[in-house]
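# Structural features, examined
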Amino acid sequence: SQQGEEDPQALSIQEGENATMNCSYKTSINNLQWYRQNSGRGLVHLILIRSNEREKHSGRLRVTLDTSKKSSSLLITASRAADTASYFCATGGEGETSGSRLTFGEGTQLTVNP
Amino acid sequence: KAGVTQTPRYLIKTRGQQVTLSCSPISGHRSVSWYQQTPGQGLQFLFEYFSETQRNKGNFPGRFSGRQFSNSRSEMNVSTLELGDSALYLCASRRGANQPQHFGDGTRLSIL
């Protein structure tokens, strides 16, 4: 079963616009990770944010984490057609062992139109 | 540095058969995890191996098993295949605690 929910399920924007995806989860976490998946391929790791961090940046990506609300958001700025993919959030539990067991959201399908 | 390598990329089997999937982690990564991805259930954790020992297990029947070798390479086996086992099977490795998991491109298993 999925721990979290992602919102929206699908998002369609024009190149150059910003895309924001949200993720909610249910249990205590050690970290939260965002992944991208192109059709039929594996998952590409984007950002890991630890439970004691509130915001993290990587290039055009910005991730926020609010542990009090059990939610996270991924912002992609100045989107490109190549950003078209499914985006997943995944939570890792606390501890070495449970941390290896990622629980994924249902994903957001992002389409960036040229 | 080479990424996670999964073989084969595609497999077609029939009900009742068994299958073995292989995963080579990133060099130096000792933790290997397996996930199943289906349109209906999404991404679900199968199990994790660390130093040749299963350290964590998801909610899958005993038909799903795995092992890890001394060089950290891992195999996953599914016996008595069912139609519902059709899925993308993903392997991931990580360097240590609180580190990201890095995924391979997966094995697409189709059951006829």
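Our subject in this report is the structure included herewith. (Residues numbered from 1 in each chain as written. Chains lettered and ligands numbered in written order. Predicted model: local features only at pLDDT ≥ 70, side-chain atom pairs only at ≥ 80, totals over all residues. Heavy atoms only, no water.)

### Some thoughts on the interface of chain B and chain A
Contacts between the two partners involve 29 residues from chain B, matched on the other side by 23 residues from chain A. With both sides pooled, the region where chain B packs onto chain A buries about 2,100 Å², and carbon together with sulfur makes up 42% of that total. Counting the surface chain B buries against chain A, the share from its top three residues, Leu43(B), Asn98(B) and Phe103(B), is 28%. Of the charged contacts, one joins Arg41(A) and Asp105(B) as a salt bridge, the two residues approaching to 2.7 Å between their closest N and O atoms. Where chain B meets chain A, there are 6 residue pairs in polar contact (both at pLDDT 80 or more). Of all the elements in the fold, those that place two or more residues in the side of chain B that touches chain A are β4 (31-38), β5 (42-50), β6 (53-57), β9 (87-94) and β10 (102-103) of chain B. Among the residues making up the side of chain B that touches chain A, the classes are represented as 8 nonpolar, 14 polar and 7 charged. (Contact = heavy atoms within 4.5 Å. Buried area = accessible area lost by both parts, 1.4 Å probe. Salt bridge = Lys/Arg side-chain N within 4 Å of Asp/Glu carboxyl O. Polar contact = N/O pair within 3.5 Å; in protein donor to acceptor, adjacent residues only side chain to side chain. Helix = DSSP H or I, 4+ residues; strand = E, 2+ residues; numbered from the N terminus. Nonpolar A, V, L, I, M, F, W, Y, C, P; charged D, E, K, R; others polar.)

### Observations concerning the sheet that holds strand β7 (residues 64-68) of chain B
Residues and elements named next belong to chain B. Strand order in the open sheet formed by 4 strands is β1-β3-β8-β7, with antiparallel pairing between adjacent strands. Edge strands, defined here as strands with exactly one partner in the open sheet, are β1 (5-7) and β7. When the angles between neighbouring strand axes are averaged without regard to direction, this sheet yields 20 degrees. (Pairing = 2+ DSSP bridges. Axes fitted to C-alpha atoms, helices over the stretch in contact; angles between N-to-C directions.)

### Considerations on unusual backbone geometry
Residue Pro8(A) follows Asp7(A) across a cis peptide bond; omega there is 0 degrees. Of note, Pro8(A) is situated in the loop between β1 (5-7) and β2 (10-14). Geometrically, the link from Thr7(B) to Pro8(B) is a cis peptide bond, its omega value of -10 degrees lying close to zero. In this fold, Pro8(B) is placed in the loop between β1 and β2 (10-13). Phi is positive for Ser51(B), which is not a glycine, with a value near 50 degrees. If you trace the backbone, Ser51(B) turns up in the loop between β5 and β6.

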